[in-house]
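Residue-level listing of the chains:
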Amino acid sequence: MPISGNQDLDEPATAQRPRFPALLLGIPALLFALITWQVVADGPLVRLDERVSRALVHPDGLSESLSDLGNLQVALPVLAVALGYVALRTRGTDRWWLPVIAAALAMALVPALIVPLKELTDRPGTPAVPPATGYYPSGHTATAAIAYGSATLLLLPRLRTPFARHALVTACVVLVLGTSYGLVRHGYHWPLDVVASWCLCAVLLSSLWLFLRRRTPPEQPR
């Protein structure tokens, strides 16, 4: 039976859809697993990490201030404002609370995942901090990435101009990279601690984005 032109065009697109989320979630998950394995096994990647850290560490006031962007007292209020704004703008619509709950759940998953991983890996800190263990992965990096990232994903569909959307994404990236730089530069974390948190948060934020894509249509100009 001949296939119509429309069906020919639709079928490849449909076939490609399952692969995109798999790549989006699978690549950072595999990178996280690789880094975690190297940390637990004290592999060559860890020795390279230590050499890079020695070259980068230079504690100063700026790096300490940037690392504070990952504190709960700083990052959580930003997410709370975004949650409240979206709740007020969408209240009364069909299942308006789902995106808000999803973003809050992503934030709640940070300590639920990070704390057991810290205990499992038991990685010592850099020479710049007092002797202790449990530095892998970086909780401050994960807090910043999920709080600022979730707020960005919630607000993006409600911004009307490309400039505003680009500015919001840029601000999010600057905040997360600034936090990461401060943590490594001050010696609070090894670079791999931070990179591993990026990978873990990429999985969480990608999952949240895929969920919000289905739930949140862009707002139309009035």
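Residues numbered from 1 in each chain as written. Predicted model: local features only at pLDDT ≥ 70, side-chain atom pairs only at ≥ 80, totals over all residues. Heavy atoms only, no water.

A. Summary view of the environment of Asn 71. Assignment of secondary structure puts Asn 71 in the loop between helix 4 (61-67) and helix 5 (72-90). In this structure, the C-alpha to C-alpha distance between Asn 71 and Thr 179, residues 108 residues apart in sequence, is 9.4 Å. A polar side-chain atom of Asn 71 sits 2.8 Å from a polar atom in the side chain of His 140. (Helix = DSSP H or I, 4+ residues; strand = E, 2+ residues; numbered from the N terminus. Polar contact = N/O pair within 3.5 Å; in protein donor to acceptor, adjacent residues only side chain to side chain.)

B. Representation of the side chain of Asp 193 within the structure. By secondary structure assignment, the location of Asp 193 is in helix 9 (residues 191-215). The class of Asp 193 is buried, set by a relative accessible area of 0%. Engagement of the side chain of Asp 193 in a polar contact is seen with the side chain of His 189, the distance being 3.2 Å. Those residues in contact with Asp 193, other than ones at most four positions away along the chain, are Arg 123, Tyr 135, Tyr 136, Pro 137 and Ser 138. (Buried < 20%, exposed > 50% of the residue type's maximum accessible area, 1.4 Å probe, protein only. Contact = heavy atoms within 4.5 Å.)

C. Focus on the layout of surface pockets. In this model, the largest pocket occupies a volume close to 330 Å³. Forming the boundary of the largest pocket are 14 residues, of which Gly 149, Cys 172, Val 173, Val 176 and Leu 205 lie nearest the centre. Contributing elements (two or more residues each) for the lining of the largest pocket: helix 7 (139-155), helix 8 (162-186) and helix 9. Ranked by the residues each element gives to the lining of the largest pocket, the list is headed by helix 8, at five residues. Residue composition of the lining of the largest pocket, by class: 12 nonpolar, two polar and no charged. (1 Å grid on protein atoms, 1.4 Å probe; cavity = no way out; pocket = protein on both sides within 12 Å on 5 of 7 lines; lining within 4 Å. Points joined across faces, edges and corners; volume = space filled by probe spheres on them. Nonpolar A, V, L, I, M, F, W, Y, C, P; charged D, E, K, R; others polar.)

D. Seen up close, the state of the cysteines. Enumeration over the complete set of coordinates arrives at zero disulfides. Left unpaired, Cys 199 is separated from the closest cysteine sulfur, that of Cys 201, by 9.4 Å. The exposure class assigned to Cys 199 is buried, which follows from its relative accessible area of 8%. (Disulfide = S-S within 2.5 Å.)

E. Region of the structure containing the confidence of the model for the protein. Scored by pLDDT, the protein has a mean of 89; 88% of the residues are at 70 or more. Within the protein, no element has a lower average pLDDT than helix 1 (residues 5-16), which sits at 43, and none a higher one than helix 7, at 98. A low-confidence stretch, residues 1-16 stays under pLDDT 50, and its non-local contacts, those more than four residues away or across chains, total one contact. (pLDDT = per-residue confidence, 0-100.)

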